[in-house]
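# Summary of structural features
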Amino acid sequence: MELSQLLRVWRVDAGVKLRRDKAIPQKEVAELMGVSERWYRSLESGDSVSLSSDILGRLSEVLVLGPDERMVLYSRALDGAGLALADEEGAAEEQLALLQLVTAQTQFPAYLTDGCWNILGYNTLMADWFPWVLAPGANLMRWALTDHAAREQMLDWRQHAEIYLAMLRFALATSSHKAPLDKLLQHVLQDAECRRLWAQGPKVIAFRQGHRYRLVLPHVSPEQISVTSQVLLPAYQHGLRCVMLLPQKPVLPSRVVIPAQQNRSSVQ
């Protein structure tokens with residue numbers, strides 16, 4: 001969505017957040033920001049207007065924007081300035097260090113993705129819990145949103161799917177490399193349920209920091225597994241995400257059932 005469209009949607013959302021029956025009027029937004037109504041109308045119409053960081057801050061406050069929505073606002077208003085960090089020299093060595101960090105974890109699943117959620121690396125536990133990461137070209141977003149196994153393994157799948165789609169929307173709004181993200185979106189929207197969830201609204205979320213999952217993984221544990229995601233964002237490696245799934249309690253392994261005939265043989 002263009003900035004002008006987002007502003008109109010955010011005025012409606014602000015009305016809801018402030019417990020009103022309708023969107024905040026343009027005139028009120030302008031008054032609270034300390035600008036003329038004509039200036040704000042021009043902004044919402046898509047006309048070229050001057051936007052300083054101070055103006056953007058006041059606009060964020062008036063529209064009651066959350067942190068993720070503010071990032072989208074700044075990215076659209078400033079053409080991504082301040083969000084896209086150029087890789088420094090030695091980026092390959094730094095990425096290798098991240099891979100080593102991920103694979104060294106032995107207490108919980110961990111993985112590394114790029115800005116399009118392609119799996120770049122994972123540790124043994126991640127492969128044990130989610131064997132799909134072993135496939136060539138494995139992609140977290142494709143699996144979570146379109147693979148039926150994900151809908152069985154993640155309880156409350158629709159709630160998680162809404163968040164994943166909001167993350168994809170955020171990436172599309174802020175990334176300067178939209179072609180692979182557009183391709184990913186088109187793949188996801190081939191699924192009817194994902195199309196329905198995508199059409200619900202322009203919600204944006206940057207990261208799933210601290211989100212909890214309840215997982216059903218019979219091949220890992222006979223009990224339901226609850227984990228919390230921790231997202232690490234490496235400096236000067238824009239787009240990379242190092243994610244760790246921290247279990248809330250020790251995971252009890254599934255029992256190995258020994259066939260009766262094999263059991264008798266071992267006793268003899």
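As the structure is a prediction and not an experimental result, all values here were calculated from the model.

## Some details on the sheet that holds strand β3 (residues 212–215)
- The antiparallel open sheet is built from 5 strands, whose spatial order is β2-β1-β5-β4-β3. For this open sheet the edge positions go to β2 (119–122) and β3, each flanked by a neighbour on one side alone. Neighbour to neighbour, the strand axes of the sheet diverge by 25° on average, direction disregarded.
- Pairing analysis gives 4 bridges linking strand β1 (residues 110–113) to strand β5 (residues 241–247), with the strands arranged antiparallel. Along β5, the bridge assignment pairs Thr113 with Arg241.

## Digging into the confidence of the model for the chain
- Overall, the prediction assigns the chain a mean pLDDT of 85, with 87% of residues at 70 or greater.
- Of the regions scoring below 50 in pLDDT, residues 80–90 engages in 13 contacts with residues more than four places distant in sequence or in other chains.

## Remarks on the nonpolar core
- One finds Trp117, Phe130, Trp132, Met154, Tyr164 and Leu215 to be the most contacted residues of the largest nonpolar core, which totals 45 residues.
- Counting residues per element, the ones that place at least two in this core are α7 (124–129), α8 (140–146), α10 (157–174), α11 (178–188), α12 (192–198), β3, β4 (225–232) and β5.
- Sorting elements by how many residues they give to this core places α10 first, with 10 residues.
- Setting aside residues up to four positions removed in sequence, Met154 forms contacts with Trp143, Ala144, His160, Tyr164, Tyr213, Arg214 and Leu215.
- Core analysis: the next-biggest nonpolar cluster, separate from the first, contains 25 residues, Ile24, Ile55, Leu63 and Phe170 among them.

## Topic: the packing of helix α5 (residues 67–77) against α10
- Look at α5 against α10: their axes get within 9 Å of each other, and the N-to-C directions meet at 25°. Taken as axis vectors, α5 and α10 run roughly parallel relative to one another. Here α5 and α10 pass one another in a crossing that is left-handed. Listed contacts from α10 to Asp68, Met71, Val72, Ser75 and Arg76 of α5 are Phe170, Leu172, Ala173 and Thr174.

## Things to note about helix α3 (residues 37–44)
- Within α3, the full set of buried residues consists of Tyr40, Ser42, Leu43 and Glu44.
- Looking at the buried residues of α3, the elements they touch are α1 (3–17), α2 (26–33) and α4 (53–62).
- Immediately downstream of α3, the backbone of Gly46 shows phi near 90°, a positive value.

## A few points about unusual backbone geometry
- At Val64, a position not held by glycine, the phi torsion is positive, near 55°.
- Tracing the backbone through its elements, the reader meets Val64 in the loop between α4 and α5.
- Even without glycine at this site, Trp117 takes up a positive phi of about 70°.
- Tracing the backbone through its elements, the reader meets Trp117 in the loop between β1 and β2.

Here is what the cut-offs are and how they apply
- Residues numbered from 1 in each chain as written.
- Predicted model: local features only at pLDDT ≥ 70, side-chain atom pairs only at ≥ 80, totals over all residues.
- Heavy atoms only, no water.
- Pairing = 2+ DSSP bridges.
- Helix = DSSP H or I, 4+ residues; strand = E, 2+ residues; numbered from the N terminus.
- Axes fitted to C-alpha atoms, helices over the stretch in contact; angles between N-to-C directions.
- pLDDT = per-residue confidence, 0-100.
- Contact = heavy atoms within 4.5 Å.
- Core = buried A, V, L, I, M, F, W, Y, C linked by side-chain atoms within 4.5 Å.
- Buried < 20%, exposed > 50% of the residue type's maximum accessible area, 1.4 Å probe, protein only.
- Parallel < 35°, antiparallel > 145°, perpendicular 65-115°, else oblique.
- Left-handed = near helix turned anticlockwise from the far one by under 90°.

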